[in-house]
Amino acid sequence: MFNRWILTTTTAAVLALSPLLAHAETPAQGGEIVVTYKDDITTLDPHIGYDWVNWSMIKSLFSRLMDYEPGTANLVPSLAESFEVAPDGLTYTFKLRKGVKFTNGREIVAGDVKYSIERAVNPKTQGPGAGFFGAIKGFDDLTGGKSELLSGIETPDDQTVVFHLSRPDATFLHVMAINFASVVPKEAVEAAAGDFGKKPVGSGSLVLKDWTIGQKLVFERNPDYFVKDVPHVDKVTVEVGQEPLVALLRLQKGEVDIAGDGIPPAKFLEIKNSPEGAAMIVDGEQLHTGYITLNTKVKPFDDVKVRQAVNMAINKERITRILNGRATAANQILPPLMPGYDKAFTGYAYDVEKAKALLAEAGHPDGFETVLYSTNTDPQPRIAQAIQQDLAAIGIKAEVRALAQGNVIAAGGTEGEAPMIWSGGMGWIADFPDPSNFYGPILGCSGAVSGGWNWPWYCNETIDKRAGEADAMSDPAKAAERQAAWGKIFTDVMADAPWVPVINERRVVAKSLRMGGPDNIYIDPTRVINYDAIFVKP
Amino acid sequence: MATLLAKRLVQSCLILLGVAAITFVLLYALPADPARMLAGRSATAQTVENIRRELGLDQPLLSQFLHYLGNLVQGDLGRSYAQKTEVATLIAARLPATLTLMAAGIFVEVLLGLTFGIVAALNRGGAIDRIVMASAFVGVSAPQFVVALLLLYVFAATLGWFPMSGYGTAAHVVLPAMTLGILGAGWYARMARSAMIDVLNQDFIRTARAKGLSGRRVVLRHALPNAILPIVAMIGIDIGQFMGGVVVVEAVYGWPGIGQLAWQAIQQVDIPIIMGVTLTSAFAIIVGNLVADLIAPMIDPRIRSH
């Protein structure tokens, strides 16, 4: 009657470790490491934090019902020992692991899961992730202020949590693995009196021992963490306010183990070509696509031929060279790592003559004038200039407007404001490895609203309907069918050409020679740095 | 003295109010929407709306401002939008580092500036004067970033005399203070030179020389006190400037000062922090000038009669 997928603790642990074992490099226990970042850590509150620096730390400070195998996009139960999905996809039942404790010593019970998700959704928390839980019954009452609770979460006993959904949501298990679904102890949240983000208490692999504002954070290994021998390091000191160039110098001298901001473009080739460069640079694929939006509500981009012509006019290879080769040219919306990516799809090849012909066919033989928005931090304005030159080659005179990020976002979300936006610095990095995450807010009709992130203001109702249907296929047995449906949706969107997919950018992290483990735990697709998995070589 | 203080106090409050009002209006006139920045990409329109309401951003600007002022009077700078922590806590945590760097930086720039300024004045028109003035010009126009990185590379990364980054010991403060000192000394050197030249041409200096005082005594006891007034006024201004943070120097040396806090807040449109730092800086400028005004009569008795 039920689709069952029950994994015992042992198999989960084996699965979690398998990618490491495959590399034949057995992680050593112990060691203290130093990690640097330029920006201060804003918050470690899992229901509020939403930047790529605090994301990895929150991952390891807290646990969630579901998680991913290190370095991969494969979902596995974590705080949950097992789960069941009802055939209609509307009820999810999770059994919690027994004996897991918060680092304040109290055992985690089902009520903590319910409290935590309600806290993530409650408007008073001011959390950015509330919308992820939109499928849970009672969501509208809580966000609308009619209730303080989610009626769709039940806790029949201390080990069982039942979620009732108002609509099938195939991404629900992913949602249970994002940071916003982290389990927190109510008493610690209340004791912190609004400062839980500075005094976090969780049940993850690390514990925050000390935080000197503006200087450093000290994390230590949680000896009671429920996965055996995780984490491998004893202590992680995160130093903030560290200029990337200086962090790199310190890394070369052995004072720093991971330079979190990577390598400044000016230094990249020098490091890469140095004898130890190859071992220091971690260059990893992430779930990212950088794109140009073509505003379908602004003339002449309301004409699909014009949008297609622009797609053919952009020399993407040249843009990857501006980034020192730290990116690959993209021909579709999904990044290659994302399930649903279509290897066979070729998109619009770079062809200036064809672009000109198409533009003439659309009634613009002499081109037109338009505006291209971009953020103002290097290298984005340089990329915008490259795009400007490419456009000039087919007769389009684009004025580049390089502004602060907040202002570009505001222009994108204002109807009729920004004809073209280069997404660099704000490009879409998926919250979780499911193709649907690349649709709703950025290409779906629901995102084409004032203040939304659908900057091409693209709304194709047929495709929207197909997206809804694909998301309702929550039966795990239909996963392949669903993935294929999503893949087709994205290649079909390209026929309408609301975007020019330009590049898939890789993230670069620099690490010291004593750090061990494969690259994909330093740039983990769901975590960035995976503090659970990294280790110091013996 | 009491009347001067009272008058200054009232003036100061009005200036702070003006600074608060102007900053507030400018920040809220930006097209960037703090609620949208906070909510991030995946947030639904409703989430953004809820955040806006919780932050009070849906209220009319005037009532937001009055609300802010009401809290300010009670010493409450509000909570950061992004960090959710009290702004006062965040600023207080960075105050010791900012004050240390301010004191050390001003010490170095005044020391260097005065020395070179006096030497140049005494050698007016000579080769030394030209070299000093040319160096001062280079110092004034050199980019902070370059000087900071150069000192760091030579004295920390290569020679290893000082730590590369951080805060806590006396060794940590040397390079950031030297950077600020070298860059600021040019202004002081020019100021000291011209003030000294003015004074050295006065009759009383000739008298002092005529009665057979040593050159050193003439310069240090008779000329310098008369030339130092503009320098004191300049220190007052520098106090305020350094209190607002020296973003580049702080960034290069990983110095946990107010500048880094402000820089990050500006990028995140974290208005309460920006307001807090601006008001702190304005307050410091006012206090710095007040102190300079109070010291001036002690140095130059002629000011007292005014």
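Residues numbered from 1 in each chain as written. Chains lettered and ligands numbered in written order. Predicted model: local features only at pLDDT ≥ 70, side-chain atom pairs only at ≥ 80, totals over all residues. Heavy atoms only, no water.

Our working definition: UniProt positions are given in the numbering used here, feature names are shortened, and annotations may be inferred rather than shown by experiment.
You'll find chain B entered in an unreviewed UniProt entry as ABC transporter permease, with Shinella curvata given as the organism. Of the comments in the UniProt record for chain B, the one headed Subcellular location (unreviewed entry) reads "Cell membrane". Regarding chain B, the relevant UniProt record gives this comment under Sequence similarities (unreviewed entry): "Belongs to the binding-protein-dependent transport system permease family."

An unreviewed UniProt entry lists chain A under the name ABC transporter substrate-binding protein, with Shinella curvata given as the organism. Quoted verbatim from the Subcellular location (unreviewed entry) field of the UniProt record, the comment on chain A reads "Periplasm". Recorded in UniProt for chain A, the comment headed Sequence similarities (unreviewed entry) runs: "Belongs to the bacterial solute-binding protein 5 family."

### Points about the packing of helix 6 (residues 127-141) of chain B against helix 8 (residues 170-200) of chain B
All names here are of chain B. Rules: Interaxial angle, 0 to 180 degrees, is taken between N-to-C directions of lines fitted to C-alpha atoms, where a helix line uses only the stretch in contact. Labels follow the DSSP assignment, with helices taken as runs of H or I lasting at least four residues and strands as runs of E lasting at least two, numbered in each case from the N terminus. For classification, angles of less than 35 degrees are called roughly parallel, those exceeding 145 degrees roughly antiparallel, those between 65 and 115 degrees roughly perpendicular, and all remaining angles oblique. Crossings are sorted by hand: turned counterclockwise from the far helix by less than a right angle, the near helix makes the crossing left-handed, and turned clockwise it makes it right-handed. Contact definition: two residues touch when any of their heavy atoms are within 4.5 Å. Under the convention adopted here, Pro, Cys and the residues Ala, Val, Leu, Ile, Met, Phe, Trp and Tyr are nonpolar, Asp, Glu, Lys and Arg are charged, and Gly plus all remaining residues are polar.
Between helix 6 and helix 8, the shortest axis-to-axis distance is 7 Å and the interhelical angle comes to 135°. Classed by the angle they form, the pair helix 6 and helix 8 counts as oblique. Classified by chirality, the crossing of helix 8 by helix 6 is left-handed. Residue-level inspection shows Asp129, Met133, Ala136, Phe137, Gly139 and Val140 of helix 6 in contact with helix 8, the latter providing Ile182, Leu183, Gly186, Trp187, Ala189, Arg190 and Arg193. Looking at side-chain class alone, the contact of helix 6 with helix 8 contains eight nonpolar, two polar and three charged residues.

### Points about helix 10 (residues 304-313) of chain A
All names here are of chain A. So the rule is basically this: Whether a residue is buried, partly exposed or exposed follows from its accessible area with a 1.4 Å probe, protein chains only, as a fraction of its type maximum: under 20%, in between, or over 50%, in that order. Here a polar contact is taken to be a pair of N or O atoms separated by no more than 3.5 Å, where protein atoms must pair a possible hydrogen donor with a possible acceptor and residues adjacent in sequence count only if both atoms sit in side chains.
Counting buried residues in helix 10 gives eight out of ten residues, a clear majority hidden from the surface. The set of residues buried in helix 10 consists of Val306, Arg307, Gln308, Ala309, Val310, Asn311, Met312 and Ala313. Contact partners of the buried residues in helix 10: strand 14 (288-294), helix 12 (352-361), helix 13 (380-393), strand 18 (420-422), helix 17 (479-496) and strand 20 (499-511). The backbone nitrogen of Lys305 has a side-chain oxygen 2.9 Å away, supplied by the residue at the start of helix 10, namely Asp303.

### Observations regarding the packing of aromatic side chains
Residues and elements named next belong to chain A. So the rule is basically this: Working definition: a ring pair exists when centres of Phe, Tyr or Trp rings (six-membered ring for Trp) sit within 6.5 Å. Plane angles under 30 degrees give stacked, over 60 give edge-to-face, the rest tilted. Here, over-ring charges are defined by two tests on the NZ atom of lysine or the CZ atom of arginine: distance to the ring centre within 6 Å, and angle to the ring normal within 35 degrees.
Enumeration according to the criterion identifies 23 aromatic pairs over all chains in this entry. Arranged with centres 5.6 Å apart and planes meeting at 80°, the rings of Phe301 and Phe368 form a pair that is edge-to-face. Linking Phe301 in the loop between strand 14 and helix 10 with Phe368 in the loop between helix 12 and strand 16 (369-375), this pair joins segments that are 67 residues apart in sequence. We note that Phe301, like Phe368, is buried. With centroids separated by 6.4 Å and ring planes inclined at 75°, the aromatic side chains of Tyr439 and Phe490 adopt a geometry described as edge-to-face. With Tyr439 in the loop between strand 19 (428-429) and helix 15 (440-443) and Phe490 in helix 17, this residue pair connects regions lying 51 residues apart in the sequence. For the pair formed by Tyr439 and Phe490, the shared burial category is buried. Over the aromatic face of Trp52 sits the side chain of Arg507, whose NZ or CZ is 3.7 Å from the ring centroid.

### Concerning the confidence of the model for chain A
Formally: You can read pLDDT as the predictor saying how much it trusts each residue, on a scale of 0 to 100.
On average, residues of chain A score 90 in pLDDT, and 95% of them are at 70 or above. This model gives residues 1-23 of chain A a pLDDT under 50, and the stretch forms 36 contacts once residues within four places in sequence are excluded.

### Considerations on the pattern of salt bridges
Pairs can form between side chains of opposite charge once their charged atoms are near each other. Convention followed: By definition, a salt bridge exists where a carboxyl oxygen of Asp or Glu is found within 4 Å of a side-chain nitrogen of Lys or Arg.
For the structure on display, the rule yields 33 salt bridges over all chains. One salt bridge connects Lys465 of chain A with Glu469 of chain A, and the closest N-O pair in it is separated by 3.6 Å. Here Lys465 of chain A pairs with Glu469 of chain A, and both are found in helix 16 (residues 461-472), just four residues apart, close to one helical turn. Residue class for Lys465 of chain A comes out exposed when judged on its relative accessible area of 57%. Taking the shortest distance from any N to any O, the salt bridge between Arg8 of chain B and Asp293 of chain B comes out at 2.2 Å. Of this pair, Arg8 of chain B sits in helix 1 (residues 2-29) while Asp293 of chain B sits in helix 14 (residues 271-299), and the two are 285 residues apart along the sequence. Residue classification places Arg8 of chain B among the partly exposed positions, given a relative accessible area of 24%. Exposure remark for Asp293 of chain B: the relative accessible area of 33% places this residue in the partly exposed category. Each of Asp67, Arg527 and Asp532 of chain A takes part in a single network of salt bridges with overlapping partners.

### Thoughts on helix 12 of chain A
Residue and element names in this part refer to chain A. Rule in force here: The arc in question is the one traced by the directions running from the helix axis out to the C-beta atoms.
Burial in helix 12 covers these residues: Ala355, Leu358 and Leu359. Along the long axis of helix 12, the arc covered by the buried residues comes to 100°, so they all point the same way. Residues of helix 12 that are exposed and angled more than 90 degrees away from the buried face: Glu353, Lys354 and Glu361. Looking at the buried side of helix 12, the elements it contacts are helix 10. Residue Asp351 occupies the N-cap position of helix 12, its side-chain oxygen lying 3.3 Å from the main-chain nitrogen of Glu353. Positive backbone phi, at 95°, marks Gly363, one or two positions downstream of helix 12.

### Some thoughts on the pairing of strand 2 (residues 32-36) of chain A
Along any regular strand the residues' side chains alternate between the sheet's two faces. Residue and element names in this part refer to chain A. As a reminder, the rule being used: In short, DSSP must find at least two bridges between two strands for them to pair.
Within strand 2, four of the five residues are buried, which leaves the element mostly enclosed by the surrounding structure. With five bridges connecting them, strand 2 and strand 11 (residues 235-239) associate as parallel partners. Bridging across to strand 11, Val34 finds its partner in Thr237. Here two bridges tie strand 2 to strand 12 (residues 258-259), and the two strands are oriented parallel to one another. Across the sheet, residue Val35 finds its bridge partner in strand 12, namely Ile258.

### Details of the side chain of Asp112 of chain A
Residues and elements named next belong to chain A. With respect to the helices, strands and loops of the structure, Asp112 is situated in helix 3 (residues 110-121). Polar contacts involving the side chain of Asp112 include one to the side chain of Arg106, which spans 2.8 Å. Ignoring anything within four residues of it in the chain, the contact list for Asp112 reads Phe102, Arg106, Glu107, Val183 and Val184.

### Overview of the interface of chain B and chain A
Quick note on the threshold: Each of two parts loses accessible area, computed with a 1.4 Å probe, when they are put together; buried area is these two losses added.
With 46 residues of chain B at the interface, the matching set in chain A holds 48 residues. With both chains or domains summed, chain B and chain A bury close to 4,000 Å², and 55% of this area falls on carbon and sulfur atoms. Looking at the side of chain B facing chain A, the largest losses of area belong to Arg36, Arg41 and Met164 of chain B, adding up to 20% of the total buried there. Between the two partners, chain B and chain A, sit two salt bridges. Viewed at the interface, chain A and chain B are joined by 14 residue pairs in polar contact (both at pLDDT 80 or more). When contributions to the side of chain B that touches chain A are tallied by element, the ones reaching two or more residues are helix 2 (34-39), helix 3 (45-55), helix 5 (87-122), helix 7 (144-158), helix 12 (247-253) and helix 13 (258-267) of chain B. Counting residues per element, the side of chain B that touches chain A draws most heavily on helix 3 of chain B, which supplies seven residues.

### Here we look at the nonpolar core
The criterion, for reference: The term nonpolar core refers to a set of buried residues drawn from Ala, Val, Leu, Ile, Met, Phe, Trp, Tyr and Cys, joined through side-chain atoms within 4.5 Å.
Residues Leu44, Phe219, Val238 and Ile292 of chain A are the most contacted members of the largest nonpolar core, which totals 136 residues. In terms of residue count, helix 14 of chain B provides more of this core than any other element does, six residues in total. Ile292 of chain A has contacts with Ile314, Leu372, Ile387, Met420, Ile421, Trp422, Pro498, Trp499, Val500 and Val502 of chain A, leaving out every residue within four places of it along the chain. Within the second largest apolar cluster, 49 residues are counted, among which are Leu151, Val173, Ile231 and Ala284 of chain B.

### Quick notes on the pairing of strand 8 (residues 160-164) of chain A
Residues and elements named next belong to chain A. When you tally the buried positions in strand 8, you get four out of five residues, the bulk of the element. In this sheet, strand 8 lies alongside strand 6 (residues 91-96) in antiparallel orientation, the contact comprising five bridges. Each bridged residue has a counterpart across the sheet, and for Lys95 the counterpart in strand 8 is Thr160. The pairing of strand 7 (residues 153-157) with strand 8 spans three bridges and is classified as antiparallel.

### Considering the packing of helix 7 (residues 244-252) of chain A against helix 7 of chain B
Where helix 7 of chain A contacts helix 7 of chain B, the two axes come as close as 12 Å, and the packing angle between them is 10°. With respect to their mutual orientation, helix 7 of chain A and helix 7 of chain B come out roughly parallel. In this structure, helix 7 of chain A uses Leu245, Val246 and Leu249 of chain A to contact helix 7 of chain B, whose residues at the interface are Phe145, Leu149, Leu152, Tyr153 and Ala157 of chain B. A breakdown of the residues in the contact of helix 7 of chain A with helix 7 of chain B according to their chemical character gives eight nonpolar, no polar and no charged.

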